[in-house]
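# Working through the structure, step by step
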Amino acid sequence: MTEVKKNRLDEDLLKANGRRNFLGKSALLGLTGAGVSLGLAGCKDEIAAKPAAAAASAPALGREVAPGQLDDYYHFSSGGHSGEARILGVPSGRTLRRIPIFNIDPMVGWGITNESKAIMGTKPDGSLKYTTGDTHHVHGSYKDGTYDGRWLFTNDKIHSRLARIRMDTMECDKITELPNVMGFHGIFTDKRDPVDEKINYTTRVFCGQEFHTPLPNDGRDLEDPSKWGCLFSCVDAETMEVRWQCRIDGNMELVATSYDGKLAGSTNYNTENAMDLAGMMTAERDACTFFHIERIEKMVKDGKFTTIGSSKVPVVDGRKAANADPKAAVTCYVQLGKNPHGVNASPDGKYFVTADKLSPTASVIELALVLKWFAGELKDLKEVVVAQPEIGLGPLHTAFDGKGNAYTSLFLDSQVVKWNIAQAIAQFKGDKAAKVVLDRIDVNFQPGHGYSSMGETKESDGKYFNSGNKFSKDRFLPVGPLHPETEQLINISGEKMATIAEHTAYPEPHDGIIVRRDVVKTRQIYNMDDFPNAVKAENAGIERKGNKVHVRLMSQAPAFSMPIIKVKKGDEVTITLTNHDKVEDLTHGCAVPTYNICFIVNPQETKSVTFKADRVGAYWIYCTHFCHALHLEMRSRLLIEA
Ligand code: CUK
Ligand code: CUA
Ligand code: CA
């Protein structure tokens, strides 16, 4: 029991003692290095008071989560061109769940059942419109500046779609395709309403467009890039409808939102509006484009917008030429380093920090000054950049510890660098004694995103940092030419960063968030009445209407409600299956051999599939999910007669 406690972070205890005070105790014991302070952070005083040697000999502190014990954090990760999202445990690194979104997943039946197809979107013939996707960023919904555990949102870069995941079941429930957008990359939820004080939660999701295209993309202007453009889209978090779009100059990479709800920003690496690699690197400086949310919504309200092609979504002009007057502008373009990549909001709500990829700098933008510029009270927009520390080569993304420090991934240096924001500002003002860079750690290898525990909220707690490394090379057993990627967990609770663990990731996660476990409240059993097509004893059985046959089936371990199902060749068969087991973790499967059908039903859940019975014969419908000692016997005969 003691062993287990040692590795647990106890939030209440931390609060009661005060983190600084508590970590101070660890420091007094002379404990530095991998995971030690993390491991001790949650233990009772008598454990902390143990001799240093005893504590130091504990195995892999901060990483081990004993059998049967739970992780302290959820790690919600994107899955790149796998098209899915994932849930891992922190600090164990255990994979807890994969959430299919834009991909097909036979384990759950995503892309196979009628219900999932309706969410994914179908062509007139009923087949899926798309079966591929590329998820880069996962962000949660907010309330009072921190996660409210309601929704996750993620992007599909290939087909410019935004997906919503409900966090009680961890299932995708809506997907929206953005009109006239290609290369939808950056995404961020808003954190409150810019106007209404009472709306202190997420109502919008902002989506950036990375690849400019003709607008509309209907064959016109193919040879005239001056007419191409990029749209910043605002999606309603509740209805998932696109509220408005804002056309800008250049492009959009990552997106960030301010804690007051007033501003969104997006890095802009192609201010050149170039068509090729060389062209996109000609300007010595690029920009972060800022959006004044309240003003854009006012313009939409006042009818000051256009529409593009067949889309009815209002499009506001955010290009430079139309936004020269600060007092009326809906956008501004803040100059910073060359080809910037990430932009992240500091948890104190004061700054956006950009990682200037092709410059060795990060840029710190003070948001109050951006608002001052929009109010016409700042002479020069350049003044909003209050620091630009040199931190290393290939900076991509920045995370925060809630103690004033930033952690930026350096792709080219293959490092994470810890630096202090206040010191960077002092240095920018001329303080030669400022100590900006505090620590560096090598990562294996070449990091993309880095993110910290609760780091994108006001509750940033400075414990864990995950480095999403793009190459693993020789770190794991070789498995052919395709290597896994590395998620490298780093303890950032002390002065020095220390690696706790490395684990593999199936390509290719980009970004993620690390969420305290108490934020997440999942349900274990569905409510049967939430499914309008639920099969109950009174409607179970076969119903025929012409050549349309509806098989209403129930499952209860270890049997399906019908041992035999007879249909005729040429019938269009719909099987609706409701799982009547009301026991936690008692899931059944349903597979139909040679008909390409495979899905599961969780306790009290209903799903359906439809197929054409175009081949005669006997087919054993069987349960795919081990559910009972008689799981293998859980089958039903489908007889398709000539
Ligand atoms: S991007 Cu991949 S490492 Cu899509 Cu957020 Cu930076
Ligand atoms: Cu039901 Cu296996
Ligand atoms: Ca550029």
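Going by the structure above, here's the rest.
So, here is what we can say about the structure in this document. (Residues numbered from 1 in each chain as written. Chains lettered and ligands numbered in written order. Predicted model: local features only at pLDDT ≥ 70, side-chain atom pairs only at ≥ 80, totals over all residues. Heavy atoms only, no water.)

### Concerning the sheet that holds strand β13 (residues 255–257)
Strand order in this open sheet of four strands is β13-β14-β15-β17, and the pairing throughout is antiparallel. With one partner strand each, in any of the chains shown, β13 and β17 (331–336) form the two edges of the open sheet. With strand direction ignored, the average angle separating the axes of adjacent strands in the sheet is 25°. As paired elements, strand β15 (residues 286–292) and β17 share six bridges and run antiparallel to each other. Looking at the pairing, F291 lines up with T331 of β17. (Pairing = 2+ DSSP bridges. Helix = DSSP H or I, 4+ residues; strand = E, 2+ residues; numbered from the N terminus. Axes fitted to C-alpha atoms, helices over the stretch in contact; angles between N-to-C directions.)

### Quick word on the state of the cysteines
Overall, the coordinates contain zero disulfides when judged by the stated rule. Of all cysteine sulfurs, the one in C207 lies closest to C172, which takes part in no disulfide; the gap is 14 Å. Judged by relative accessible area, which is 3%, C172 ranks as buried. Not part of a disulfide, C246 finds its nearest cysteine sulfur in C234, a span of 11 Å. Residue C246 is classed as buried on the basis of its relative accessible area, which comes to 0%. (Disulfide = S-S within 2.5 Å. Buried < 20%, exposed > 50% of the residue type's maximum accessible area, 1.4 Å probe, protein only.)

### Here's the deal with the site of ligand 1
Inspection of the region around ligand 1 gives H136, H137, H185, L254, H341, H397, G448, H449, K470 and H510 as its neighbouring residues. Classifying every residue of the shell around ligand 1 by side-chain character gives one nonpolar, eight polar and one charged. (Near = heavy atom within 4 Å. Nonpolar A, V, L, I, M, F, W, Y, C, P; charged D, E, K, R; others polar.)

### Details of the pattern of salt bridges
In the structure shown here, the tally under the stated rule is 32 salt bridges. Two residues, R86 and E84, come together in a salt bridge whose shortest N-O distance is 2.7 Å. The residues R86 and E84 share a single accessibility class, namely buried. Notably, a salt bridge pairs R166 with D168, separated by 2.6 Å at the nearest N-O pair. By sharing partners, the salt bridges in this structure join D190, D193, R204, D236, R243 and E297 into a single network. (Salt bridge = Lys/Arg side-chain N within 4 Å of Asp/Glu carboxyl O.)

### Structural notes on the coordination of the calcium ion (ligand 3)
Listed as protein donors to the calcium ion (ligand 3) are Y269 (O), E272 (OE), E272 (OE), M280 (O), D286 (OD), D286 (OD) and N339 (OD1); their distances from the metal cover 2.3 to 2.9 Å. Each donor residue of the calcium ion (ligand 3) belongs to the same chain, with the gaps between them written as Y-x2-E-x7-M-x5-D-x52-N. On the criterion of sequence distance, the pair formed by Y269 in the loop between β14 (263–268) and β15 and M280 in the loop between β14 and β15 is long-range, its members being 11 residues apart. (Donors = N, O, S within 2.8 Å, 3.2 Å for Na, K, Ca; no water.)

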